[in-house]
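Listed below are the residues making up each chain.
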Amino acid sequence: MSNEILLRGQGITRRWGGLVAVNRVSIELSRNCLHAVIGTNGAGKSTLINLLSGEIPLSEGTVELLGNDVTTWSQPRRAMAGLGRSYQRNTIFPGFTVFENCRLAAQAKAQKGWNLWQPANRCPVSTHAAREAAHRAGLDKVLDRTAGLLSHGQKRQLEIAMCLATGPRVLLLDEPLAGMGAEETGRMLTLLDELRPDHAILLVEHDMDAVFRVADRITVMVNGTVIASGNPDEIRNSGEVREAYLGEGH
Amino acid sequence: MTMVNQKAIFVALFFLVLLAYPWLDGGSYGIDLVTKIMIYAIFALSLELLVGSTGLVCFGQAAFFGIGAYAAVLLSGEDGPASILWLLPASAGAAALYALAVGSLSLRTKGVYFIMVTLAFAQMAYFIVHDTPLGGGTDGIYLYFRPILGEWLVLDEPLVMYMFSLFCLVGTFGFLGVLLRSRFGRALAGIKENEQRMLGTGFVTYPYKLAAFTISGALAGLAGFLFAVKDGFVNPELLNWHLSGAALVMIILGGLGHLRGAITGAFAFMLLQEFFKSEAIFGEFARHWHLGLGLVIILAVAFLPSGLVGLPDVLRSRLAGSGVVPLKKLPEGGR
Ligand SMILES: Nc1ncnc2c1ncn2[C@@H]1O[C@H](COP(=O)(O)OP(=O)(O)O)[C@@H](O)[C@H]1O
Ligand SMILES: [Mg+2]
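A quick note: this is a predicted structure, and the numbers were derived from the prediction, not measured.

S.K.: How do you make sense of the overall build of chain A when you look at a structure like this?
M.R.: A tally of regular secondary structure across chain A gives nine helices and ten strands. Relative to its length of 250 residues, chain A is compact, with a C-alpha radius of gyration of 18 Å against a globular reference of 18 Å. Expressed along its principal axes, the backbone C-alpha trace of chain A runs to roughly 60 × 40 × 40 Å. A total of 250 residues make up chain A; the buried ones form 55% of that total. When the accessible area of chain A is evaluated, it comes to approximately 10600 Å², of which 47% is carbon and sulfur surface.

This is the structure:
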């Protein structure tokens, strides 16, 4: 199995006035490779995900998804082409049930907006994908719960489930472990391991133990710039990274 | 599931009462009033599709109502009754076309700007009807012949008009009920709940919103058509922003996010208005009916934040003795 490159960003730059939030970042995501992006708060990690997913336009650079230049594509179009993302701040449908959160996400792949007579919950494509995604994310027991009333950790799981429900090939995950307990973290890391073989995954994460446990590659960002990129051993032993980021505390 | 059945039974009973009403009361005043209220209920339902179901606060709904009404009159000939079969779709279609145009521009804005832009477009339509020969000025225009459907549906008869309005109300309610359960309807619900996530998931939300806006315009146009046919007369006040505001009050009063809320709200609003306008009860003070109506609405919104449809829940929790009233209930999730 070759590990083809599914997403490639080149020279990605985003400016807000004088602030360069992301500065000429190039990144490649391959199937069967979990690529972690680490960096201090404000380093530009979330902005990078926003740029790759098309939520905000690039100031400079190009994005290539599954071999297509998608730089000018809208966010929904990129999502339909197989790019899934989760959000650092929960971005769910709080008033819907857990199941309906997943089902609506899955519906993106079978929209049929003109089909007004078939109830949405009879749509086999989306109900099946929703169940599957909720199961993978460990939400089987709370399918009928109102999403807004879930525990924090469960909401984070739902974020991932909604992302998986659309059947993406590329996953951009923004701090999925933040605020999770040890057990939930363990389960999420197992899930990432399971997803790895057929997805290209970008993982933004602050939990260094987790990152060094699951990542195949690590990119380190400081002030919008990539200061190092390599396998976990290279990053662990890089003096520059220690100085700029890992610091004395580690 | 039992809750859902209870609501369905309640709604069916309500429609049955409306069906029986002409034989319960039989007075021409009552029949005319309830016909009017049912037409407003259709109008409120059209707005509920935007505000309650899609999260688009439109403040120009009266323009669609008025355009439907004017189209009904302007498209009718002066030398014989038109057929409902084409006049009704044509009137609703005229309103829908206008809604399509307004929506395609206003949906590029968000929040307060959207409210202002829809209001501005409605005011434009108002002044066009008010100030051009087309609309007959302040005096409005008369409808020479009420439309008919063969020989068995002659809307000149108040009772026939009543039944036809009821038929349209039930049809609108049923249509929206089916629509909101469909994938299209769930996408609208998603847009209301979290549009950012919808975009990130792969929904191009603009066409969904535009379709909802156009359908809403068509339904408001249907209400306008009925109103013009019932009164046999149209004037620019049908496009007045007061009416847009009244429709908003109706759906808020009834309970946003529920179709039956729009109908409940329309009935409550109109009956309250009728009550406070009654000289038999208030004498001289009836002239100041706005005051009484306003006060009741403020109180209702303050004590029933989820509207009249939330009343049973409030009462139930009071009776259960918990003393805790859910101030803001999370909207119902679909399954
Ligand atoms: N919408 C925005 N407008 C202006 N500045 C922004 C915006 N979003 C992010 N930034 C700035 O970009 C920088 C990077 O932010 P972010 O990508 O959220 O960092 P990280 O996710 O690595 O913590 C920060 O300095 C932040 O203040
Ligand atoms: Mg961030």
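Back to the text.
S.K.: Just to check I follow, could you spell out the coordination of the magnesium ion (ligand 2) for this structure?
M.R.: Around a metal, the perfect tetrahedron of four donors has angles of 109.5 degrees, and the perfect octahedron of six donors has angles of 90 or 180 degrees. Distances from the magnesium ion (ligand 2) to its protein donors, S46 of chain A (OG) and Q88 of chain A (OE1), fall at 2.0 to 2.2 Å. Of this pair, S46 of chain A sits in helix α1 (residues 45-53) while Q88 of chain A sits in the loop between β6 (83-85) and α3 (98-107), and the two are 42 residues apart along the sequence.

S.K.: Is there a simple way to explain the interface of chain A and chain B in this structure?
M.R.: In many analyses, interface size is given as the accessible surface area lost on bringing the parts together. At the junction of the two partners, chain A supplies 40 residues and chain B supplies 29 residues. Counting the surface lost from both chain A and chain B, the interface buries some 2900 Å², and carbon and sulfur atoms represent 58% of this. Broken down residue by residue, the surface that chain A buries against chain B is led by P76, F93 and L116 of chain A, which jointly contribute 19%. Residue R197 of chain B is joined to E159 of chain A by a salt bridge in which the shortest nitrogen-to-oxygen separation is 2.8 Å. On the surface where chain A and chain B come into contact, there are twelve residue pairs in polar contact (both at pLDDT 80 or more). Secondary-structure elements contributing two or more residues to the side of chain A that touches chain B are α2 (75-80), α3 and α5 (152-165) of chain A. For the side of chain A that touches chain B, the element with the most residues is α3 of chain A, which contributes six residues.

S.K.: Help me understand the sheet that holds strand β2 (residues 19-30) of chain A in this model?
M.R.: Sheet strands line up and pair through hydrogen bonds in the backbone, either parallel or antiparallel. Residue and element names in this part refer to chain A. Spatially, the four strands line up as an open sheet ordered β2-β1-β4-β5, and their pairing is antiparallel. The sheet terminates laterally at β2 and β5 (68-69), the two strands that pair on one side only. Sheet topology places strand β1 (residues 5-16) next to β2; eight bridges connect them, and they run antiparallel. Bridge pairing links L7 to L29 in β2. Here α1 sits on the sheet in contact with β1, β2 and β4 (60-65), set at roughly 115° to β1.

S.K.: Is there a simple way to explain the pattern of salt bridges in this structure?
M.R.: When the charged atoms of two side chains with opposite charge come close together, those side chains can pair. A full pass over the atoms with the stated rule returns 18 salt bridges over all chains. The salt bridge involving R31 of chain A is made with E4 of chain A; its shortest N-O contact spans 3.1 Å. Placement of the pair is R31 of chain A in the loop between β2 and β3 (33-39) and E4 of chain A in the segment before β1, with a sequence separation of 27 residues. Accessibility expressed as a relative area gives 10% for R31 of chain A, which makes it buried. Notably, a salt bridge pairs D313 of chain B with R316 of chain B, separated by 3.2 Å at the nearest N-O pair. You can see D313 of chain B and its partner R316 of chain B sitting in helix α13 (residues 311-319), three residues apart, about one turn around the helix. One connected set of salt bridges, linked through shared partners, spans R8, E28 and E64 of chain A.

S.K.: Help me understand the packing of helix α7 (residues 183-201) of chain B against helix α8 (residues 205-231) of chain B in this model?
M.R.: In helix packing, the relevant descriptors are the interaxial angle and the interaxial distance, both defined with respect to the helix axes. Residue and element names in this part refer to chain B. Put simply, α7 and α8 touch, their axes get as near as 10 Å, and they point 140° apart. In this view, α7 runs oblique relative to α8, as classed from their interaxial angle. As for the relative orientation of α7 and α8, their crossing is left-handed in sense. On α8, the residues touching F184, A187, L188, I191, E195, M198 and L199 of α7 are T205, Y208, K209, A211, A212 and I215.

S.K.: Whenever I open this one, the pairing of β1 of chain A confuses me. Can you help?
M.R.: Sheet faces and side chains relate simply in a regular strand, where the side chains alternate between the two faces. Residues and elements named next belong to chain A. Where β1 folds back onto β2 in an antiparallel hairpin, the turn is made up of two residues, including G17, whose phi is positive at roughly 60°. When β1 meets β4, the two strands line up antiparallel, connected through five bridges. Residue T13 lies in a different strand from β4, and its bridge partner there is E60.

S.K.: Would you mind going over the sheet that holds strand β10 (residues 225-230) of chain A with me for this structure?
M.R.: Residue and element names in this part refer to chain A. If you trace the six strands from one edge of the open sheet to the other, you get β6-β7-β8-β3-β9-β10, paired in mixed fashion. The sheet is open, and its two edges are formed by β6 and β10, each paired on a single side. Between one strand axis and the next, the sheet turns through 15° on average, direction left out of account. Its contacts with the sheet place α1 against β3, β6, β7 (170-174), β8 (200-204) and β9 (217-222), and it is angled at close to 150° to β7.

Calculation criteria
- Residues numbered from 1 in each chain as written.
- Chains lettered and ligands numbered in written order.
- Predicted model: local features only at pLDDT ≥ 70, side-chain atom pairs only at ≥ 80, totals over all residues.
- Heavy atoms only, no water.
- Helix = DSSP H or I, 4+ residues; strand = E, 2+ residues; numbered from the N terminus.
- Rg over C-alpha atoms; globule rule 2.2 N^0.38 Å.
- Buried < 20%, exposed > 50% of the residue type's maximum accessible area, 1.4 Å probe, protein only.
- Areas by Shrake-Rupley, 256 points an atom, 1.4 Å probe, with all protein chains shown as cover.
- Donors = N, O, S within 2.8 Å, 3.2 Å for Na, K, Ca; no water.
- Contact = heavy atoms within 4.5 Å.
- Buried area = accessible area lost by both parts, 1.4 Å probe.
- Salt bridge = Lys/Arg side-chain N within 4 Å of Asp/Glu carboxyl O.
- Polar contact = N/O pair within 3.5 Å; in protein donor to acceptor, adjacent residues only side chain to side chain.
- Pairing = 2+ DSSP bridges.
- Axes fitted to C-alpha atoms, helices over the stretch in contact; angles between N-to-C directions.
- Parallel < 35°, antiparallel > 145°, perpendicular 65-115°, else oblique.
- Left-handed = near helix turned anticlockwise from the far one by under 90°.

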